[in-house]
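# Examining the three-dimensional arrangement
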Amino acid sequence: LISDFSSINQSLTMILRLSVTAIALACSATNAFVIPSNNHHSKPWTTRTTSQTNMVHSATEDFTSEGAKKQVGNDSFLNEDLMARAQNGPGKVNKEKLNIGIIGGGLAGMVAAMDLADAGHSVEVFELRPYVGGKVSSWKDDDGNHIEMGLHVFFGCYYNLFGIMKRTGSFEKNLRIKEHVHTFVNEGGRLGSLDFQFPIGAPVSGLQAFFKTEQLEPVDKFHNAVRLGTSPIVRALVDFDGGMDMVRDLDDITFTEWFTQLGGGRGSLDRMWDPIAYALGFLNCDDISARAMLTIFMLFAIRTEASVLRMLEGSPQTGLHDPIINYLEERDVKIHLGAPCREIVHDVDHEGKPTRVRGIKVGVNNEYREFDAVVAALDVPGIKNALPASFRKYPMFDNIYNLDCVPIATVQVRFDGWVTEMDDDKAMMDTSGDKSDGKAPGIDNLLYSADAEFSCFADLALTSPGDYYKPGEGSLIQAVFDERAFGRPKEQL
């Protein structure tokens, strides 16, 4: 738990950069907030700087846990020990048992509850919706169909998440590994791919994938090779820290600006990089940061398994959340659904600045619940709604309101045939017999599109048949619609 505002200032930005807003808002009953003095030795983190490495080193000096030090900076990218830490939990029981309330029942909130409960604390989770999972949630409609909040795949470098799944017993049985191929579906059904299947791993497997891809014309392949050959990825192969420092310096320009500086062409952006950017961040290359794109490409280049995809056997609720819920209930964690946080109850000083959080008011009746500590494990809109106005007197909280989100919509459509079967018309229309467990025809993988107004899609009846295959029915296509679709009138949508 983060026990004073100076620590929150350091940790908040780090957590936001990891795309999870999980902010500790209160301390134990025996230790109130400490307001930092002007000469505090810790440097505040900023969201954008050209000296990130020095800032990381400054922050890690304050950590007493060796494990914590390895979860920031460059170590956090290549640290396979993160899986063991997530799998084994905190490894120690706290001397003082605290009564802790967690706002938000998404993955961040539930994983926080797992560690806090294993550390010996009494934990309660409060979730606005009638189901857990947050951005990775799913639920059943009145007809028994599983509906997902979004399309989710699991890259091979998700060491933390895989450790959590191993800890709850869901990793081996609830994930289906896919062919090591990233497939693009173009207008008319023409396929292109990045085929990473090769006897030699990264970076050779990636180089040959880009060289052989059918998705780009020869001239675009050449320009692609020239640009990637002059990128920080090359340096990272021999000097990872140096390569990452170069990538961090590219946060202020878009991927398009970076790519076209030294030979990259529009053809590569339109046919390959835009579909990937939309799938990763729901933005095109003209808007997404070069740092964001190059960071993931660097992982792909260095770690063979990083670009390997897995998908759940069924829905997120069945394959991911239910095992976590069982784990928590075995440790007496209470999960309150349909219980929105209405107010964070706190003390303020003579300037109106928050000094200590006392508890929260939850539910339709604004029931007051007192806690020794409160953790807000929320997305950006959630934390904007939850933070009291007084918190904005501190810049690190006020800066949250400068963050923007990208709206998306997920659509699931059931068909009477197998949509991704491109070669055999008879097989495409044959829904008879047992086609469970991935036996249906079509492409069993995540699919990118350069010619449609959805960034990525998959046939869930094929990729995740446990909850989505139905006898006698065909594909269940799930597609993620981004900003390109939102400009259309509702009638046209």
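These lines cover the structure that appears in this document, whether it is placed above or below.

## A closer look at the overall build of the chain
Assigned secondary structure in the chain consists of 22 helices and 19 strands. In the chain, the share of contacts with a sequence separation of at least 24, taken over all contacts with a separation of at least 6, comes to 66%. Approximately 22,900 Å² of the chain is accessible, and the part contributed by carbon and sulfur atoms is 51%.

## Considerations on the sheet that holds strand E13 (residues 354-362)
Two orientations exist for strands paired in a sheet by backbone hydrogen bonds: parallel and antiparallel. Across the sheet, which stays open at both edges, the 3 strands sit in the order E12-E13-E14 with antiparallel pairing between neighbours. Only two strands of the sheet have a single partner each, and these edge strands are strand E12 (341-348) and strand E14 (367-370). In this sheet, neighbouring strand axes are inclined to one another by 35 degrees on average, regardless of whether the strands run parallel or antiparallel. Both E13 and E14 contribute to a ladder of 4 bridges, which runs antiparallel. Note on E14: the bridge partner recorded for Lys361 is Tyr368.

## Examining the sheet that holds strand E19 (residues 476-481)
Here we have 6 strands laid out as an open sheet, ordered E9-E8-E17-E18-E19-E16, and mixed in their pairing. In this open sheet, the two edge strands, each paired with only one partner strand, are strand E9 (191-195) and strand E16 (409-414). Within the sheet, the average angular offset between the axes of one strand and its neighbour, ignoring direction, is 25 degrees. Where strand E8 (residues 181-185) meets strand E17 (residues 447-449), 3 bridges bridge the pair, whose relative direction is parallel. Bridge assignment links Thr183 to a residue of E17, and that residue is Leu447.

## With respect to unusual backbone geometry
Following Ala202, the chain continues into Pro203 via a peptide bond in cis, with omega recorded as 5 degrees. With a phi angle near 65 degrees, Asp332 is a residue other than glycine that sits in the positive phi range. Along the chain, Asp332 falls in the loop between helix H16 (316-330) and strand E11 (334-336). The backbone of Asn366 shows a phi angle near 55 degrees, a positive value even though the residue is not glycine.

## Considering the pattern of salt bridges
Summed over all chains, the structure comprises 24 salt bridges. In this structure, the salt-bridge partner of Asp437 is Arg176, at a minimum N-O distance of 3.0 Å. Of this pair, Asp437 sits in the loop between helix H19 (425-428) and E17 while Arg176 sits in strand E7 (residues 175-177), placing them 261 residues apart in sequence. One salt bridge in this structure joins Arg266 and Asp274, with 3.7 Å as the shortest N-O distance. Judged by its relative accessible area of 12%, Asp274 falls in the buried class.

## Observations regarding the nonpolar core
If you look at the biggest cluster of nonpolar residues, it comprises 85 residues, and the most contacted ones within it are Ile102, Phe255, Trp273, Met293 and Phe297. The dominant element in this core, judged by the number of residues it contributes, is helix H15 (residues 290-302), at 9 residues. Grouped together as the second largest cluster of nonpolar side chains are 19 residues, Ile103, Val357, Val362 and Leu378 included.

## Quick notes on the packing of aromatic side chains
All told, the structure shown has 17 aromatic pairs when counted by the stated rule. By the ring-pair criterion, three or more aromatic residues cluster together here, those being Phe210, Phe255, Trp258, Phe259, Trp273 and Phe297. It is Arg331 that lies over the ring of Tyr327; its NZ or CZ is 3.5 Å from the centre. Above the plane of the ring of Tyr394 lies Lys353, whose end atom (NZ or CZ) is 5.4 Å from the centre.

## Thoughts on helix H6 (residues 107-118)
Taking 1.5 Å per residue as the helical rise, H6 with its 12 residues ought to reach 16 Å, and the 16 Å between its terminal C-alpha atoms agrees with that figure. All buried positions along H6 are accounted for by Leu107, Gly109, Met110, Ala113, Met114, Asp115, Leu116 and Ala117. Next to the buried residues of H6 lie helix H5 (81-88), strand E2 (99-103), strand E3 (122-126), helix H7 (159-167), H16 and strand E15 (373-378). Downstream of H6 by one or two residues, Gly120 has phi in the positive range, about 95 degrees.

The rules we used
- Residues numbered from 1 in each chain as written.
- Predicted model: local features only at pLDDT ≥ 70, side-chain atom pairs only at ≥ 80, totals over all residues.
- Heavy atoms only, no water.
- Helix = DSSP H or I, 4+ residues; strand = E, 2+ residues; numbered from the N terminus.
- Contact = heavy atoms within 4.5 Å.
- Areas by Shrake-Rupley, 256 points an atom, 1.4 Å probe, with all protein chains shown as cover.
- Pairing = 2+ DSSP bridges.
- Axes fitted to C-alpha atoms, helices over the stretch in contact; angles between N-to-C directions.
- Salt bridge = Lys/Arg side-chain N within 4 Å of Asp/Glu carboxyl O.
- Buried < 20%, exposed > 50% of the residue type's maximum accessible area, 1.4 Å probe, protein only.
- Core = buried A, V, L, I, M, F, W, Y, C linked by side-chain atoms within 4.5 Å.
- Phe/Tyr/Trp six-rings, centres within 6.5 Å; stacked < 30°, edge-to-face > 60°.
- Lys NZ or Arg CZ within 6 Å of the ring centre and 35° of its normal.
- Expected span 1.5 Å × (residues − 1).

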